[in-house]
Amino acid sequence: KTIIKFLVMGILSILWSCKDSKENDFKITYPEEKLGVVNATYSDGSIAIGAFNRGYKDYKDKPNYPWSLIITIDLDKKNCTSNGLPSETESEIVNKFEDELVEKMSKISPVHNVGHLFNDNQLQIFLYIRDNTKIKEWLQKEIKQENIIRPFTFEITEDQNWTTTESLMTDK
């Protein structure tokens, strides 16, 4: 009976390590960077300015990142212009915050930062992720931090074809 227990434990251990190694063997690829700038004026006169990596337009591994994640960071209105865009100081603050969020999430699960858009006293960051559950749990904790640099919200939706960012991947 003891030998059978060890055999079963050994087999279970192998099965668990195979499951882990599949995830660990997953190769993260990135497209060639093709920076595109978005500059739009809406009918109400508001302005949007952003940057997107248009190399993601034909990215072959989209199916491996089926979750669209949009993080919306509220800008400090005192550091914004009358048209809702950030001052240079505010831009530096929130861009650094964006980098920190993406770096921390990347340690949890693979993340692709497709681009971001400033508009109406906010910064929207467009990402695609592999594991929505782990990222969602982490973001829910992060939002509640007392000393957070800027308040933010997030939305995760299934988007296997990356339609959320499709219009931002073309020159207009």
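Quick notes on the rules
- Each chain carries its own residue numbering, running from 1 in the written order of its sequence.
- Whole-chain, interface and lining totals are the exception, using all residues; otherwise, since this is a predicted model, local features are given only for residues with pLDDT of at least 70 and side-chain atom pairs are given and counted only at 80 or more.
- In computing side-chain properties, one takes all heavy atoms of the structure into account and sets aside hydrogens as well as water.
- Each helix is a run of DSSP H or I of at least 4 residues and each strand a run of E of at least 2, with the numbering of both proceeding from the N terminus.
- Here the expected span of a helix is defined as 1.5 Å times the quantity of residues minus one.
- A simple rule labels every residue: compare its accessible area, found with a 1.4 Å probe on the protein chains alone, to the largest value its type can have, and call it buried under 20%, exposed over 50%, or partly exposed in between.
- Each direction from the helix axis to a C-beta atom contributes to the arc, which is the arc of those directions.
- What makes two residues a contact is simply this: any of their non-hydrogen atoms within 4.5 Å.
- Two aromatic rings from Phe, Tyr or Trp, using only the six-membered ring of Trp, form a pair when their centres are within 6.5 Å; if the ring planes differ by under 30 degrees the pair is stacked, by over 60 it is edge-to-face, and anything between is tilted.

Draft legend 1. Quick peek at helix α2 (residues 88–108). With 21 residues, α2 should cover 30 Å at 1.5 Å per step; its first-to-last C-alpha distance of 31 Å lies within 8% of that length. Turning to α2, its buried residues are Glu90, Ser91, Val94, Phe97, Glu98, Leu101, Val102 and Met105. Mapping the buried residues of α2 onto a view down its axis gives an arc of 135°, with all of them on the same face. Summarising the geometry of α2, the exposed residues directed more than 90 degrees from the buried face are Glu88, Glu92, Lys96 and Lys107. As for α2, its buried residues are in contact with β3 (67–74), β4 (111–119), β5 (122–129), α3 (132–143) and β6 (152–158).

Draft legend 2. Structural view of the environment of Phe52. Looking at the secondary structure, you find Phe52 in strand β2 (residues 47–53). When its relative accessible area of 1% is taken as the criterion, Phe52 is described as buried. Taking C-alpha positions, Phe52 is 9.1 Å from Thr165, a pair spaced 113 residues apart along the chain. Residues within four places of Phe52 in sequence aside, it is in contact with Lys34, Leu35, Gly36, Val38, Val114, Gly115, His116, Leu117, Phe126, Leu168 and Met169.

Draft legend 3. Quick peek at the packing of aromatic side chains. Applying the stated criterion to the full structure yields 7 aromatic pairs. Seen from their ring centres, Tyr56 and Tyr59 are 5.3 Å apart, and the 80° between their planes marks the pair as edge-to-face. Considered together, Tyr56 and Tyr59 belong to a single accessibility category, that of buried residues. On the numbers, 5.8 Å between centres and 45° between planes, the contact of Tyr59 with Trp162 is tilted. Of this pair, Tyr59 sits in the loop between β2 and β3 while Trp162 sits in the segment after β6; the two residues are 103 residues apart in sequence, bridging distant segments of the chain. On the accessibility criterion, Tyr59 (8% relative accessible area) is buried. On the basis of relative accessibility, which here comes to 2%, the residue Trp162 falls in the buried class.

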